[in-house]
Amino acid sequence: MEIDFGKEILSSSCESIQFNDLKNRKIKDVLVVVTDNLRVLKKAVSGVFLRADYQRCVVHKVINTLRKVRYSENSLVKILYRIALEFE
């Protein structure tokens with residue numbers, strides 16, 4: 001459903017329908033889904049693709065963290081994320 005500014009409103013029923021459509025197109029299994037932190041999307045994916053692992057996008061995680069940190073400390077946070085990603 002499109003609204004002003006081109007943003008899409010997500011509902012669990014809408015998303016489930018879209019994932020069911022993917023399944024009907026012969027996509028047998030989804031192993032990993034990477035998104036921002038939308039709970040509705042996580043619920044919709046797990047309802048259709050039972051084995052799918054859900055992972056929050058690192059870019060979204062960093063951006064959300066930087067919003068909560070003083071601007072003067074942004075570079076330190078970025079360094080900490082880089083170090084954490086190297087150890088994964």
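If you're wondering where the values come from, they're calculated on a predicted model, not measured in any experiment. (Residues numbered from 1 in each chain as written. Predicted model: local features only at pLDDT ≥ 70, side-chain atom pairs only at ≥ 80, totals over all residues. Heavy atoms only, no water.)

On to the environment of Asp21, then. On the secondary structure map, Asp21 appears in helix α1 (residues 12-24). Remark: the alpha-carbon pair of Asp21 and Val48, spanning 27 residues in sequence, is separated by 9.9 Å. (Helix = DSSP H or I, 4+ residues; strand = E, 2+ residues; numbered from the N terminus.)

On to the pattern of salt bridges, then. In total, this model carries two salt bridges according to the counting rule given. Arg70 is the salt-bridge partner of Glu73, the closest N and O atoms lying 3.4 Å from each other. Overall, the relative accessible area of 33% leaves Glu73 in the partly exposed class. (Salt bridge = Lys/Arg side-chain N within 4 Å of Asp/Glu carboxyl O. Buried < 20%, exposed > 50% of the residue type's maximum accessible area, 1.4 Å probe, protein only.)

A positive phi is found at Lys26, a non-glycine position, where the angle reads about 80 degrees. With respect to the helices, strands and loops of the structure, Lys26 is situated in the loop between α1 and β1 (32-35). Residue class for Lys26 comes out exposed when judged on its relative accessible area of 70%.

Side chains of nonpolar character tend, in soluble globular proteins, to be buried together. Among the nonpolar cores identified, the biggest contains ten residues, and these are Phe19, Val30, Val33, Leu41, Ala44, Val45, Val48, Phe49, Ala52 and Tyr54. Per-element tally for this core: the top contributor is helix α2 (residues 39-48), with four residues. Those residues in contact with Val30 that lie beyond four places of it in its chain are Phe49, Arg51 and Ala52. (Core = buried A, V, L, I, M, F, W, Y, C linked by side-chain atoms within 4.5 Å. Contact = heavy atoms within 4.5 Å.)

Once that is clear, we can look at the pairing of β1. Only one face of β1 is covered, namely the face carrying Val33 and Thr35; the face carrying Val32 and Val34 is uncovered. For the segment spanning β1, α2 and strand β2 (residues 53-56), crossover handedness is right-handed. (Right-handed = clockwise from strand over helix to strand, strands pointing away.)

Bringing the packing of helix α3 (residues 58-67) against helix α4 (residues 74-86) into the picture now. α4 packs onto α3 with a crossing angle of 150 degrees between their chain directions and a minimal axis gap of 10 Å. When the axis of α3 is compared with that of α4, the two are roughly antiparallel. Viewed along their axes, α3 and α4 form a crossing whose handedness is right-handed. Contacts between α3 and α4 involve Val58, Lys61, Val62, Thr65 and Leu66 on the former and, on the latter, Asn74, Val77, Lys78, Tyr81 and Leu85. (Axes fitted to C-alpha atoms, helices over the stretch in contact; angles between N-to-C directions. Parallel < 35°, antiparallel > 145°, perpendicular 65-115°, else oblique. Left-handed = near helix turned anticlockwise from the far one by under 90°.)

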